[in-house]
2 protein chains.
Amino acid sequence: MQAPKYQSLKDHVYDYIAQRIQDQTLLPNQKINEAEICKKLEISRTPTREALFQLTSDNLLDYLPRRGFTVKAFDPKKKLDLSLIIGTLEGLAAALAVEHLGDKELGAMKALVDKMDNDISNHNFTDYYKDQVVFHKMYIDKSNNDVLIETLNSLKNSFIRQSYGSEDPDRLMRVLHIVNGEHRKILDLFHAKDKQGLEETLKYHWRIIDNEML
Amino acid sequence: MQAPKYQSLKDHVYDYIAQRIQDQTLLPNQKINEAEICKKLEISRTPTREALFQLTSDNLLDYLPRRGFTVKAFDPKKKLDLSLIIGTLEGLAAALAVEHLGDKELGAMKALVDKMDNDISNHNFTDYYKDQVVFHKMYIDKSNNDVLIETLNSLKNSFIRQSYGSEDPDRLMRVLHIVNGEHRKILDLFHAKDKQGLEETLKYHWRIIDNEML
DNA sequence: GCGATGTATATTGTATACAGAATACTTCAC
DNA sequence: GTGAAGTATTCTGTATACAATATACATCGC
């Protein structure tokens, strides 16, 4: 056995599959071949299956008894459904966070929005993506509701899989500038402590995910 | 091996543990003993561990690498946090359902509210509990958002564990009558197609769960 | 008695074996 | 050639074995 890069082989498999789904090596509805994974990672079936079942619980795979695992398909309707749930919970998180956000956090968020504008203009979509995650995490973490933090995390994970850039980059640029405009608006609403405005704005902020991004 | 009451042994273990958590045989923070379960159910460790990992993903257990599984503790703060999330998503479900609820469903809901009043007065809390589940399921199922249906299901499962009745039944009766009053109000709001009213009412409808029920 | 050290025991993580079910592949009748 | 029937192969579910780690227990010095 080699150096223990991972705490457990199960986690190794988990990350490996999740990665493969994200980078489209594994396509929706495709069947998972246990033996293949075992051979690739040079491990046995036990940790592999444990990871597979966990991925199923986390909504990345489907499982049919006696016929194995397949990559979960996320059709447009499901993405839209999910974006509405995420948006609603983001709205809740924001409303809760209003009381706990200080100048420090608001300043950091402002810096992020500015940086994201640059990212987008420079077609630096990978950086944009990361910054955007941090931006939202900023206030979610201040919601003082651990269950909410965890729930949002899990929901977002379940469909963060398609990377952008597959389409026309100029079109993507225009769309993301609009999205970042919303980020700016969200920041203003935080300054104004406008809970209802935040809920309304965030509820539909994620609809874009459906086609353009992630 | 005996008659296959369960499709797989893994599912058997899953249900067994979930049950034991609900009926308080397994208490919060208590350590899970793999070997004990295996012996009790006369099966091997492989399906047992698979179930254990799944229960962890489903938030019923905690897992620490190299030191096993424990029953997840749900302190009052976490329950309150969760009730707010459930309430918010119930509000979303209700708002979405408004357009799809016909006289048939509204009639059935009315019947349920009346029946629940009887259940409560007769200290028939088990029936009340079941009816209440159906009442809420009624409109959730009409939200036309499968992801939401599944998410709510999973969130509710994660803390439906303590049964009521441990306290003074007369106090419980009074509290549940108030809760059922809210059910009646919710029904009125559906008739009025008042989405905002539904969202507001449902958001805090579940706070009671914290102490009194479930 | 109290804490440190070493040893025994139990528990966890992983590999492997094997039976039964599902799937793929042949063969054959028509 | 097409479809049914039977056989071979692969894959899934479960049991078991074993090494590595963690925990419990006992011993010893102070």
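Above this text you will find the structure in question.
Below is a short write-up of the structure. (Residues numbered from 1 in each chain as written. Chains lettered and ligands numbered in written order. Predicted model: local features only at pLDDT ≥ 70, side-chain atom pairs only at ≥ 80, totals over all residues. Heavy atoms only, no water.)

1. Observations regarding the protein's contact with DNA strand D
What counts here: We call a residue near a molecule or strand as soon as one heavy atom of that residue lies within 4 Å of the molecule or strand. For this analysis, a polar contact is any N or O atom pair within 3.5 Å, provided that within protein one partner can donate a hydrogen and the other can accept it, and provided that sequence-adjacent residues contribute only side-chain to side-chain pairs.
Taken together, 19 residues sit near DNA strand D, with K31, R45 and Y63 of chain A together with L9 and S44 of chain B positioned nearest. The sugar-phosphate backbone supplies 67% of the atoms of DNA strand D found within 4 Å of the protein. Taking Y63 of chain A, its side chain carries an N or O atom lying 2.6 Å from a phosphate oxygen of DNA strand D. Interatomic distance of 2.8 Å between a side-chain N/O atom of T46 of chain B and a base nitrogen of DNA strand D.

2. Points about the pattern of salt bridges
Worth spelling out the cut-off: Every case where a carboxyl oxygen of Asp or Glu lies within 4 Å of a side-chain nitrogen of Lys or Arg is listed as a salt bridge. Numbered from the N terminus, helices here are DSSP runs of H or I no shorter than four residues, and strands are runs of E no shorter than two.
Scanning the model with the defined rule gives 36 salt bridges over all chains in all. The closest approach of N and O atoms between D131 of chain A and K115 of chain A, which form a salt bridge, is 2.7 Å. Taken as a pair, D131 of chain A in helix 6 (residues 125–140) and K115 of chain A in helix 5 (residues 103–121) lie far apart in primary sequence, 16 residues in all. Three or more residues are tied together by salt bridges with common partners; here these are E34, R45 and R49 of chain A together with E50 of chain B.

3. Structural notes on the protein's contact with DNA strand C
Spelled out, the test is: Charged means Asp, Glu, Lys or Arg here, nonpolar means Ala, Val, Leu, Ile, Met, Phe, Trp, Tyr, Cys or Pro, and polar covers whatever is left, Gly included.
Taken together, the neighbourhood of DNA strand C is formed by 19 residues, with L9 and S44 of chain A together with K31, R45 and Y63 of chain B sitting nearest. Taking the atoms of DNA strand C that fall within 4 Å of the protein, sugar and phosphate contribute 65% of them. Y63 of chain B places a side-chain nitrogen or oxygen 2.7 Å from a phosphate oxygen of DNA strand C. In the model, a phosphate oxygen of DNA strand C is placed 2.9 Å from a nitrogen or oxygen of the R66 of chain B main chain. The dominant element in the surface near DNA strand C, judged by the number of residues it contributes, is helix 3 (residues 45–57) of chain A, at three residues. Classifying every residue of the surface near DNA strand C gives five nonpolar, five polar and nine charged.

4. Quick notes on the side chain of D131 of chain A
All names here are of chain A. We apply this condition: Categorising residues by exposure relies on relative accessible area from a 1.4 Å probe, with only protein chains included: less than 20% of the type maximum marks a residue as buried, more than 50% marks it as exposed, and the intermediate range marks it as partly exposed. We call two residues in contact when some of their heavy atoms are within 4.5 Å.
Judged by its relative accessible area of 10%, D131 falls in the buried class. Looking at D131, its side chain comes within polar contact range of the side chain of K115, at 2.7 Å. Not counting residues up to four positions away in its chain, the partners in contact with D131 are L112, K115, M116 and D119.

5. Considerations on unusual backbone geometry
Positioned with a positive phi, N29 of chain A is a non-glycine residue whose angle comes to about 75 degrees. For N29 of chain A, the position within the fold is in the loop between helix 1 (9–22) and helix 2 (34–41). We note that N59 of chain B has phi near 70 degrees; this positive angle belongs to a residue other than glycine. Mapped onto the fold, N59 of chain B is located in the loop between helix 3 (45–57) and strand 1 (61–64).

6. A short note on the packing of helix 5 (residues 103–121) of chain B against helix 8 (residues 169–191) of chain B
Residue and element names in this part refer to chain B. Operational definition: Interaxial angle, 0 to 180 degrees, is taken between N-to-C directions of lines fitted to C-alpha atoms, where a helix line uses only the stretch in contact. Here is the rule for angles: anything less than 35 degrees is roughly parallel, anything more than 145 is roughly antiparallel, 65 through 115 is roughly perpendicular, and the remaining ranges are oblique.
One can describe the packing of helix 5 onto helix 8 by two numbers: an axis separation of 10 Å at closest approach and a directional angle of 170 degrees. Considered as vectors, helix 5 and helix 8 are oriented roughly antiparallel to each other. Facing helix 5, whose interface residues are L106, M109, K110, V113, D114, M116, D117, I120 and S121, helix 8 presents M173, L176, H177, N180, H183, R184, L187, F190 and H191. Looking at the contact of helix 5 with helix 8, its residues break down into nine nonpolar, five polar and four charged.

7. Some words on the environment of K156 of chain B
Here K156 of chain B shows up in helix 7 (residues 146–157). Counting along the chain gives 74 residues from K156 of chain B to L82 of chain B, while the straight-line C-alpha distance between them is 8.7 Å.

8. Topic: the nonpolar core
The criterion, for reference: Working definition of a nonpolar core: buried Ala, Val, Leu, Ile, Met, Phe, Trp, Tyr and Cys residues. They are joined through side-chain atoms within 4.5 Å.
In this structure, L89, Y139 and F190 of chain A together with L89, Y139 and F190 of chain B are the most contacted members of the largest nonpolar core, which totals 80 residues. The contacts of L89 of chain A, once residues within four sequence positions are left out, are L148, T151, L152 and L155 of chain A together with I85 and L89 of chain B. Core analysis: the second largest hydrophobic core is formed by 19 residues, I21, I43, F69 and V71 of chain A among them.

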